[in-house]
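Architecture at a glance
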Protein chains: 2
Amino acid sequence: MFDLHPRLAADALPVTELRLSRLLLMNDRSFPWLILVPRRNGVTELTDLAAEDQVQLMGEISDACRALREVARPDKLNIGMLGNLVPQLHVHVVGRFRQDRAWPGPVWGSGPAVSYEAVSAGQFIDRIRASMGGEHAS
Amino acid sequence: MFDLHPRLAADALPVTELRLSRLLLMNDRSFPWLILVPRRNGVTELTDLAAEDQVQLMGEISDACRALREVARPDKLNIGMLGNLVPQLHVHVVGRFRQDRAWPGPVWGSGPAVSYEAVSAGQFIDRIRASMGGEHAS
């Protein structure tokens, strides 16, 4: 059984299950922001993952990038694995716009999250799911 | 011929050539901070890289993580691909300490770089090169 860290469970909404990772939408409409969490307990650093999981994760990051570009059409993508506050390996994939709140700085720590309304979160999640298409495992 | 972006050339010091990437040391002794730059011209986003280059890059990120842990013994590693200011794909691998200047926030935009003295930069680079060991291509 995979246990999602409670902070990630509180801050993000479930999108779909990929072969390795749970795909989440950060509940912050300031940025189109996906999070991938490999379903491996006790993994904090990228190097804690087996080599084949690292390769799978790279593919899933790429797929998330493509979906986010298709759905949100950002000016730039930002990818980050930090984990200074949440010690469960997770990958941020964030669409950035030249006029967004934090540009050109990083999104992390750039201000309080602005929650989605339920309907718009659901619509965004549906579009990401459709864009991930045949990629997802469930 | 691969052209390193002038901003990266100005801000970082060469360490070694990996199979895909040029490995650099960010010239900021505030953090032990490596940068990998795939030697592919015209690549801005991760998804601009061919799938086999993405897999190779993941391996080189892992190797850089291991070298940085061995040499600097950080509390946490942070990995980032942002490129909001420098439109040439590059990967930050940064060792973080709970008492560093930016903890637990991100390093990007956390303050001005504090340059190494030449001798200490050389020593750090030698230790990273030794730790990368058989991994490097040159």
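**Quick notes on the packing of helix H2 (residues 51–72) of chain B against helix H3 (residues 118–132) of chain B**
Residue and element names in this part refer to chain B. Close contact between H2 and H3 brings their axes to 9 Å; oriented N to C, the two are set at 125°. On the basis of their axis angle, the class for H2 and H3 is oblique. For H2 against H3, the interelement crossing comes out right-handed. For the pair H2 and H3, the contacting residues are Asp 63, Ala 64, Arg 66, Ala 67, Leu 68, Glu 70 and Val 71 in the first and Phe 124, Arg 127, Ile 128, Ser 131 and Met 132 in the second.

**A look at the nonpolar core**
Within the largest apolar cluster, 60 residues are counted, with the highest numbers of intra-cluster contacts made by Ile 61 and Ile 128 of chain A together with Ile 61 and Ile 128 of chain B. Contacts of Ile 61 of chain A, omitting those with residues within four sequence positions, involve Leu 36, Ile 79, Met 81, Val 91 and Val 93 of chain A together with Leu 46 of chain B. Judged by nonpolar contacts, the second largest core, of 31 residues, contains Leu 82 and Trp 108 of chain A together with Leu 8 and Phe 31 of chain B.

**Here's the deal with the interface of chain A and chain B**
Of the residues lining the interface, 30 residues belong to chain A; the matching set on chain B comes to 30 residues. Together, the buried faces of chain A and chain B total about 2700 Å²; carbon and sulfur atoms form 59% of this surface. Across the salt bridge formed by Lys 76 of chain B and Glu 45 of chain A, the nearest N and O atoms sit 2.9 Å from each other. At the junction of chain A with chain B, the criterion picks out 18 residue pairs in polar contact (both at pLDDT 80 or more).

**Some details on unusual backbone geometry**
Residue and element names in this part refer to chain A. Cis rather than trans, the peptide bond between Trp 103 and Pro 104 has omega equal to -5°. Mapped onto the fold, Pro 104 is located in the loop between strand E5 (91–96) and helix H3 (118–132). Its identity as a non-glycine residue notwithstanding, Arg 73 has a phi of 50°, on the positive side. Topologically, Arg 73 is positioned in the loop between helix H2 (51–72) and strand E4 (76–81). With relative accessibility at 62%, the residue Arg 73 sits in the exposed group.

Each value, and the rule that gives it
Residues numbered from 1 in each chain as written. Chains lettered and ligands numbered in written order. Predicted model: local features only at pLDDT ≥ 70, side-chain atom pairs only at ≥ 80, totals over all residues. Heavy atoms only, no water. Axes fitted to C-alpha atoms, helices over the stretch in contact; angles between N-to-C directions. Helix = DSSP H or I, 4+ residues; strand = E, 2+ residues; numbered from the N terminus. Parallel < 35°, antiparallel > 145°, perpendicular 65-115°, else oblique. Left-handed = near helix turned anticlockwise from the far one by under 90°. Contact = heavy atoms within 4.5 Å. Core = buried A, V, L, I, M, F, W, Y, C linked by side-chain atoms within 4.5 Å. Buried < 20%, exposed > 50% of the residue type's maximum accessible area, 1.4 Å probe, protein only. Buried area = accessible area lost by both parts, 1.4 Å probe. Salt bridge = Lys/Arg side-chain N within 4 Å of Asp/Glu carboxyl O. Polar contact = N/O pair within 3.5 Å; in protein donor to acceptor, adjacent residues only side chain to side chain.

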